[in-house]
Amino acid sequence: KNQVEQSPQSLIILEGKNCTLQCNYTVSPFSNLRWYKQDTGRGPVSLTIMTFSENTKSNGRYTATLDADTKQSSLHITASQLSDSASYICVVSKGGGNKLTFGTGTQLKVEL
Amino acid sequence: DGGITQSPKYLFRKEGQNVTLSCEQNLNHDAMYWYRQDPGQGLRLIYYSQIVNDFQKGDIAEGYSVSREKKESFPLTVTSAQKNPTAFYLCASSISAQGLETQYFGPGTRLLVL
């Protein structure tokens, strides 16, 4: 079983709408949680990184939340744009190093 | 893609052939990583290097080899022992291999078997 589970697997929304992507993890001990955006055929780009003590972090129209007690995170995208179409990957780091466990991603498509 | 370059963008491998994927960074990062990405799966770590002349196996190192002779370069060789090499290969780097450092990814190399 994957230690980082993301939902939904895919999502289609209209331009200008908001959406929320979910991430549940079982990685332990927990160090930090990251969200990456990956355009098709490109490398992932970091959006946010949160430690145990942080419960929200924003990067422009992207806002990530973290509940370390329930081991859940969400990524909220506000006023979506066509350029937001991509895979959004939740990544969890174990305590003590920089080895990462990757989720399989949520494929987001923004349409006119 | 930051200051990380990967080449080639596409690579074709014949049966029994070794191929080498290039990864170069000009970010002065100590740590470098190689990942493999397959459809429907999360990225998996092949090898990583915390410093020049040092590297460790990741979760799926069998059939791969690396070297780290220079700080800026971390080439990955896919050997003939890797029976299912078709995948998207991503190189990444970070300031160090410690805790909160962001990993910056290159644009990737897609390897296909003829």
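A. A look at the pattern of salt bridges. Using the criterion set out here, one finds six salt bridges over all chains in the structure. Between A:Glu54 and A:Lys57 there is a salt bridge whose closest N-O contact spans 3.0 Å. Judged by its relative accessible area of 25%, A:Glu54 falls in the partly exposed class. Judged by relative accessible area, A:Lys57 falls into the partly exposed class, the value being 29%. Note that B:Asp38 is salt-bridged to B:Arg44, the shortest N-O span being 2.9 Å.

B. Molecular detail of the sheet that holds strand E3 (residues 19–25) of chain B. All names here are of chain B. On the basis of which strands lie adjacent, the open sheet formed by four strands has the order E1-E3-E8-E7 and antiparallel pairing. Of all strands in the sheet, those with a lone pairing partner are strand E1 (4–7) and strand E7 (64–66), marking the two edges. Shown here is a sheet whose adjacent strand axes are inclined to one another by a mean of 20°, direction ignored. Strand direction decides the pairing type here: E1 and E3, joined by four bridges, are antiparallel. From the neighbouring strand, Thr5 faces E3, where its bridge partner is Glu24.

C. Here's a closer look at the state of the cysteines. All names here are of chain A. Scanning the entire structure with this criterion turns up two disulfides over all chains. One disulfide in the model links Cys23 with Cys90; its S-S distance is 2.0 Å. One disulfide, between Cys23 and Cys90, carries an S-S torsion of -70° and so falls in the left-handed class. Linking Cys23 in strand E3 (residues 19–25) with Cys90 in strand E9 (residues 86–94), this pair joins segments that are 67 residues apart in sequence. Cys23 gets classed as buried once you look at its relative accessible area, which sits at 0%. In this structure Cys19 is not part of a disulfide, and its nearest cysteine sulfur, from Cys90, lies 15 Å away.

Definitions and cut-offs
- Residues numbered from 1 in each chain as written.
- Chains lettered and ligands numbered in written order.
- Predicted model: local features only at pLDDT ≥ 70, side-chain atom pairs only at ≥ 80, totals over all residues.
- Heavy atoms only, no water.
- Salt bridge = Lys/Arg side-chain N within 4 Å of Asp/Glu carboxyl O.
- Buried < 20%, exposed > 50% of the residue type's maximum accessible area, 1.4 Å probe, protein only.
- Pairing = 2+ DSSP bridges.
- Helix = DSSP H or I, 4+ residues; strand = E, 2+ residues; numbered from the N terminus.
- Axes fitted to C-alpha atoms, helices over the stretch in contact; angles between N-to-C directions.
- Disulfide = S-S within 2.5 Å.

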